[in-house]
Amino acid sequence: MDTLVSTTLGTSLAQTLRYVNAWKSKTVVVKYGGSLMSPEDASPAGDTLIEDLVLLKGIGVDPVLIHGGGPEITRMLDRLGKRSRFVNGLRVTDDETMDVVEMVLAGRANKALVSMIVAAGGSAVGVSGKDGKVLQARKLPGPEDLGHVGEIDAVDPTLIKLLSGNGYIPVVASIGIGADGRSFNLNADHAAGALAAALGASKFILLTDVPGVLAGGEGDEVLSTLQANDARRLIREGVIARGMIPKVEACLAALAAGVPTAHIIGGRTPHALLVELFTQEGVGTMMTP
Ligand SMILES: Nc1ncnc2c1ncn2[C@@H]1O[C@H](COP(=O)(O)OP(=O)(O)O)[C@@H](O)[C@H]1O
Ligand SMILES: [Mg+2]
């Protein structure tokens, strides 16, 4: 190898290994968006995410995967001839709908991710937030009765730590459990933020179908950093809308609870997770308090 090439490569390898050492034994909570999980949209980047998780686990990092699955739930409800009604972006969840949500999220979607991790050479345990009372929830208060739509009451990270500490990548479906054992349909972004906080994660990463928080307007570029105050203003102005709102809120909640860094990044960019962890620049949007 050419001396110059070898020197450049060496410098970059040393830099990467410094990051690798810094991330050993650290918990990284990764939320995988339902928008990335649809079968007709299966991009190769989804596979690199799974590979990245397995690689991270292999070098001693503790990744925890938490996922939603809204589009898949809608498809299943359609097949069953059941229409969903949404109030402020929340799916009104009657008993029958809750059954379907639980079957899709804790069943097919969760086990598909476990299969992908196993196929990539890792070992995963898929659970729902009900197992081990990880995601404790209560009915979302409000003027309208949304059925099983819940909000996080408390998080018990014991089961997740147990799995992480024994070589498994935990895969968590965002379903909560009430004090009486009732199932709750939780927003996966909010659940992920609360889980990151309870685990004392060193990083919280939301992967979605856009490359980060977009600034709107002419260029519509990705904001590489976004401060809490600016985020709140952009929500008021309608620049940050729909599915991006709970992501920003989840990041702010995690940061307020002491998680040092929170990011919204594009899950369609191959190896986005590794780039975020092991480079100075990172990718997507970094939220700051
Ligand atoms: N300012 C913004 N920047 C980026 N995405 C935005 C913004 N405002 C609204 N969105 C929408 O948020 C979506 C991501 O949320 P969502 O569809 O719920 O994905 P996920 O399945 O990952 O939770 C984007 O695809 C985009 O349509
Ligand atoms: Mg969403």
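As shown above, the structure is provided for reference.
**Things to note about the pattern of salt bridges**
Okay, step 1: Across all of its chains, the model carries 14 salt bridges by this definition.
Okay, step 2: As a salt-bridge pair, Arg138 and Asp153 come within 2.7 Å of each other at their nearest N and O atoms. Of this pair, Arg138 sits in strand E6 (residues 135-139) while Asp153 sits in strand E7 (residues 150-155), and the two are 15 residues apart along the sequence.
Okay, step 3: Ionic pairing is found between Arg233 and Asp230, a salt bridge with its closest N-O pair at 3.5 Å. Here Asp230 and Arg233 lie together in helix H7 (residues 228-236), a separation of three residues that amounts to about one turn.
Okay, step 4: Owing to a relative accessible area of 33%, Arg233 belongs among the partly exposed residues under this scheme.
Okay, step 5: Using a relative accessible area of 29% as the deciding quantity, one classes Asp230 as partly exposed.
Okay, step 6: Within this structure, Lys31, Asp189 and Lys247 form a network of salt bridges that share partners.

**Some words on unusual backbone geometry**
Trans peptide bonds make up most of the peptide bonds, and negative phi angles are found at most residues other than glycine.
Okay, step 1: Of note, the phi angle at Asn88 is positive, near 50°, even though the residue is not glycine.
Okay, step 2: Along the chain, Asn88 falls in the loop between strand E3 (86-87) and strand E4 (90-91).
Okay, step 3: Even without being glycine, Arg242 reaches a positive phi, approximately 40°.
Okay, step 4: Mapped onto the elements of the fold, Arg242 is located in the loop between H7 and helix H8 (244-256).
Okay, step 5: A relative accessible area of 74% places Arg242 in the exposed class.

**A closer look at the sheet that holds strand E11 (residues 203-208)**
Backbone hydrogen bonds hold the strands of a sheet together, and the pairing may be parallel or antiparallel.
Okay, step 1: Across the sheet, eight strands lie side by side as E5-E8-E2-E1-E11-E13-E14-E12; this open sheet has mixed pairing. Strands with a single pairing partner mark the edges of an open sheet, and in this sheet they are strand E5 (124-128) and strand E12 (225-227). On average, adjacent strands in this sheet sit at an angle of 20° to one another, irrespective of strand direction.
Okay, step 2: Relative to strand E14 (residues 285-288), E12 is paired through three bridges, and the arrangement is parallel. Each bridged residue has a counterpart across the sheet, and for Gln227 the counterpart in E14 is Thr288.

**Some details on the layout of surface pockets**
Leftover empty space is mapped by rolling, across the atoms, a probe with the size of a water molecule.
Okay, step 1: In this structure, the largest pocket occupies an estimated 1,400 Å³ of space.
Okay, step 2: Around the largest pocket, the lining is made up of 46 residues, and of these Asn187, Asp189, Arg242, Gly243 and Pro246 lie nearest the centre.
Okay, step 3: Of all the secondary-structure elements, those providing two or more residues to the lining of the largest pocket are helix H3 (70-79), E4, E7, helix H6 (188-199) and H8.
Okay, step 4: No other element matches the five residues that H8 contributes to the lining of the largest pocket.

**Observations concerning the packing of H3 against helix H4 (residues 95-119)**
Any two packed helices are characterised by the angle at which their axes cross and by the distance between the axes.
Okay, step 1: Taken N-terminus to C-terminus, the directions of H3 and H4 make an angle of 125°; their axes are 10 Å apart at the nearest point. In terms of orientation, H3 and H4 fall into the oblique class. Handedness of the crossing formed by H3 with H4: right-handed. Within the contact between the two elements, H3 uses Glu72, Ile73, Met76 and Leu77 and H4 uses Thr97, Val100, Val101, Val104, Leu105, Arg108 and Ala109.
Okay, step 2: When grouped by side-chain class, the residues that make up the contact of H3 with H4 number eight nonpolar, one polar and two charged.

**Some remarks on H7**
Note: α-helices contain 3.6 residues per turn, so residues at a spacing of three or four share the same orientation.
Okay, step 1: For H7, the set of buried residues is Ala228, Ala231 and Leu234. Buried residues along H7 cover an arc of 125° about the axis, so they all sit on one side. Exposed residues on H7 whose side chains face more than 90 degrees from its buried face are Asn229 and Arg236.
Okay, step 2: Residues of H7 that are buried make contact with E12, H8 and E14.
Okay, step 3: Looking one or two residues past H7, Gly238 carries a phi angle of roughly 80°, positive in sign.

Conventions adopted
Residues numbered from 1 in each chain as written. Chains lettered and ligands numbered in written order. Predicted model: local features only at pLDDT ≥ 70, side-chain atom pairs only at ≥ 80, totals over all residues. Heavy atoms only, no water. Salt bridge = Lys/Arg side-chain N within 4 Å of Asp/Glu carboxyl O. Helix = DSSP H or I, 4+ residues; strand = E, 2+ residues; numbered from the N terminus. Buried < 20%, exposed > 50% of the residue type's maximum accessible area, 1.4 Å probe, protein only. Pairing = 2+ DSSP bridges. Axes fitted to C-alpha atoms, helices over the stretch in contact; angles between N-to-C directions. 1 Å grid on protein atoms, 1.4 Å probe; cavity = no way out; pocket = protein on both sides within 12 Å on 5 of 7 lines; lining within 4 Å. Points joined across faces, edges and corners; volume = space filled by probe spheres on them. Parallel < 35°, antiparallel > 145°, perpendicular 65-115°, else oblique. Left-handed = near helix turned anticlockwise from the far one by under 90°. Contact = heavy atoms within 4.5 Å. Nonpolar A, V, L, I, M, F, W, Y, C, P; charged D, E, K, R; others polar. Arc of directions from axis to C-beta.

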